[in-house]
Amino acid sequence: MTDRHNAHKAALQPLRAAQYDFEEASVRRALADLAPDALFHHCHPFGDVTGANAFYDLAYAPLLTSWPDLERRDYIVMAGEDEHGADWVGCGGYYTGTFKAPWLDIPPTGHMVAMRFHEFYRFENGKVVEFQALWDIPDVMMQAGAWSMTPSLGREWQVPGPATQDGFVPGPYDEAESLATRQHIVDMLEHLKLHPSQGGPEVMEMPRFWHERMSWYGPSGIGTGRGIEGFRKWHQIPFLRAMPDRGQDRDKITYHFFGDRNYAAVTGWPDMLQSITDPGWLGIAPTGKQIEMRSLDFWRVENGKIRENWVMVDLLHMYHQIGVDPLDRMREFNKARIGFDPETGRALT
């Protein structure tokens, strides 16, 4: 008998298959069958909608118009129960196709483009009732030569799938290993939150949790760091310098951790709440403003330590909260582009 977590992966398969050979009618049918009345949480600038057809119109229809040979490719498909008793499936991969027409006023390149995604699905009674998605829109801006903010500290590239090529976690569900992996991640994060409020970097005990050859795959705008040193240099140190109150309002956040064998994932929507009180992160001046951050993350544990960590953060939503709009600044550049309105920088139809 198939356990419920692998049954949920199987229930998602028709949608994933339809999105591989992406055609409107087949994707609409699969989405409506899987998640007819779900609440869809999408990254900035899309927002939230209810119902499969509304989400298709909001998110997929414009993308398919711009990338007419749109194709979905997953490299992680995992499932499990969170600490509150809810069942989730987490998928990581990228959408790809030929960028033939403007999308979100990002200028087309005429070439193949790839956009990383993390998408989480919460199941009840065999149907998806909640969907959360982060799409790496800043990466599309970079590929189009239209990134309008500060350069990344980390390495910008097409983030790979698992080195072990086992991201489609097989059944049967191993509850003991899955819970152990989930707990390893929870313990690691609890230790990370001790710094800087309770001591120097040593209080995080990072070598206890992370492999010496770890890869931290951050969102575009931050980039990838290799090893503990790379993670700290290119992400953590500037992040904590700017927001030293990280992790101090945990009572206002609801996390959802789930594990599947040696993989784990987390969401919160939001799952971070902190204040930008000092300079150093993404070239942002201190605002003194508390912001919430959305992050959908995956970890792969190897021989008891984290070897790979895929991180997606809704950076455009973060910028929006401090009154900065990278898409609008991009449109200022677009005013000089053929095919865009010279007054607004928006694509001409």
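The sections below set out a description of the structure shown in this document. Residue numbering note: each chain is counted from 1, following its sequence as written. Given that this is a predicted model, residues contribute local features only at a pLDDT of at least 70 and side-chain atom pairs are listed and counted only at 80 or more, while totals for whole chains, interfaces and linings are drawn from all residues. Only hydrogens and water are set aside when side-chain values are computed; all heavy atoms of the structure are taken into account.

1. Some points on the packing of helix H2 (residues 24–34) against helix H3 (residues 52–66)
- Angles here are taken between N-to-C directions and fall from 0 to 180 degrees, while the axes themselves are lines fitted to C-alpha atoms, restricted in helices to the stretch in contact. Under the scheme used here, helices are H or I runs from DSSP no shorter than 4 residues and strands are E runs no shorter than 2 residues, and both carry numbers assigned from the N terminus. At a closest axis distance of 10 Å, the pairing of H2 and H3 adopts a crossing angle of 150°. Two packed elements cross with a definite hand, and for H2 against H3 that hand is right-handed. Here Glu24, Val27, Arg28, Leu31 and Ala32 of H2 come into contact with H3, specifically with Ala52, Asn53, Phe55, Tyr56, Asp57 and Leu64.
- Of the residues assigned to the contact of H2 with H3, the class counts are 7 nonpolar, 1 polar and 3 charged. Left-handed describes a crossing whose near helix is turned anticlockwise from the far helix through less than a right angle; right-handed describes the clockwise counterpart. Residues are treated as being in contact if the distance between any of their heavy atoms lies within 4.5 Å. For this classification, the nonpolar set comprises Ala, Val, Leu, Ile, Met, Phe, Trp, Tyr, Cys and Pro, the charged set comprises Asp, Glu, Lys and Arg, and every other residue, Gly included, is treated as polar.

2. Brief notes about the nonpolar core
- Definition of nonpolar core: a set of buried residues of the types Ala, Val, Leu, Ile, Met, Phe, Trp, Tyr and Cys, connected through side-chain atoms within 4.5 Å. For every residue, the accessible area (1.4 Å probe, protein chains only) is compared with the maximum for its type, and the residue is labelled buried under 20%, exposed over 50%, or partly exposed between those bounds. In this structure, Phe40, Trp67, Trp103, Ile106, Met115, Trp135 and Ile137 are the most contacted members of the largest nonpolar core, which totals 69 residues.
- Other than its neighbours up to four places away in sequence, Trp67 contacts Tyr95, Thr96, Gly97, Thr98, Phe99, Val113, Met115 and Val140.
- Counting residues in each nonpolar core, the second largest holds 38 residues, with Ala242, Ile291, Val313 and Tyr319 among its members.

3. Digging into empty space enclosed by the protein
- Any residue with an atom within 4 Å of a point lines the site, the site being either a cavity, points on a 1 Å grid over the protein atoms alone where a 1.4 Å probe fits but cannot get out, or a pocket, an open set with protein on both sides within 12 Å along at least 5 of 7 lines. Grid points are joined across faces, edges and corners, and a volume is the space filled by probe spheres set on the points. Taken as a whole, this structure holds 3 cavities of 30 Å³ or more when the rule is applied.
- The space that makes up the largest cavity amounts to roughly 510 Å³.
- Lining the largest cavity we find 31 residues, and of these Leu189, Leu192, Arg246, Met272 and Asp297 sit closest to its centre.
- Of all the secondary-structure elements, those providing two or more residues to the lining of the largest cavity are helix H5 (175–192), strand S7 (210–217), helix H7 (227–242), strand S11 (272–275), strand S13 (295–302) and strand S14 (305–313).
- No other element matches H7, which puts 4 residues into the lining of the largest cavity.
- Of the residues belonging to the lining of the largest cavity, the class tally is 19 nonpolar, 6 polar and 6 charged.
- Put simply, the second largest cavity is a space of about 100 Å³.
- Lining the second largest cavity are 17 residues, with Arg116, Asp139, Trp157, Gln158 and Val159 sitting closest to its centre.
- Secondary-structure elements contributing two or more residues to the lining of the second largest cavity are strand S4 (87–98) and strand S5 (112–124).

4. Here's the deal with the pattern of salt bridges
- Salt bridge, as applied in this entry: a Lys or Arg side-chain nitrogen positioned within 4 Å of an Asp or Glu carboxyl oxygen. Taken as a whole and assessed by the stated rule, the structure comprises 22 salt bridges.
- Between Arg346 and Asp105 there is a salt bridge, with the nearest N and O atoms lying 3.1 Å from each other. Taken together, the positions of Arg346 in the segment after helix H9 (326–334) and Asp105 in the loop between S4 and S5 put the pair 241 residues apart, joining distant regions of the chain.
- For Asp105, a relative accessible area of 10% corresponds to the buried category.

5. Quick look at the sheet that holds strand S8 (residues 224–226)
- Spatially, 6 strands are ordered S8-S7-S14-S13-S10-S9 in an open sheet, and the strand pairing comes out mixed. Edge positions in the sheet fall to S8 and strand S9 (256–260), since each of these pairs with one other strand and no more. The sheet shows a mean angle of 15° between the axes of neighbouring strands, taken without regard to direction.
- Strand pairing follows a simple DSSP-based rule, namely that at least 2 bridges must link the two strands. One ladder, built from 4 bridges, connects S7 with S14; its direction is parallel. Counterpart to Ser215 in the pairing with S14 is Glu308.
- The sheet contacts of H5 involve S7, S9, strand S10 (263–267), S13 and S14, and relative to S9 the element is tilted by about 140°.

6. Looking at the environment of Leu282
- With respect to the helices, strands and loops of the structure, Leu282 is situated in the loop between S11 and strand S12 (290–293).
- Setting aside chain neighbours within four positions, we find Leu282 in contact with Thr150, Gly221, Ile222, Leu315, Met318 and Tyr319.

7. Focus on the pairing of S12
- Residues Ile291 and Met293 line the buried face of S12, whereas the alternating positions Gln290 and Glu292 sit on a face that is not buried.
- Judged from the 4 bridges that link them, S11 and S12 form a sheet pairing that is antiparallel. Bridge pairing in S12 links Gln274 to Ile291.

8. Overview of unusual backbone geometry
- For the peptide bond that leads from Gly171 to Pro172, omega is -5°, which places it in the cis range.
- As for its placement among the helices and strands, Pro172 is situated in the loop between helix H4 (137–143) and H5.
- A cis amide bond links Trp269 to the next residue, Pro270, at an omega of 0°.
- Positive phi outside glycine occurs at Asp105, with the angle close to 70°.

9. Topic: the side chain of Asn6
- Take Asn6: it is sitting in helix H1 (residues 4–20).
- For Asn6, a relative accessible area of 13% translates into the label buried.
- With residues near it in sequence (within four places) discarded, Asn6 still touches Val169, Pro170, Gly171, Pro172 and Tyr173.

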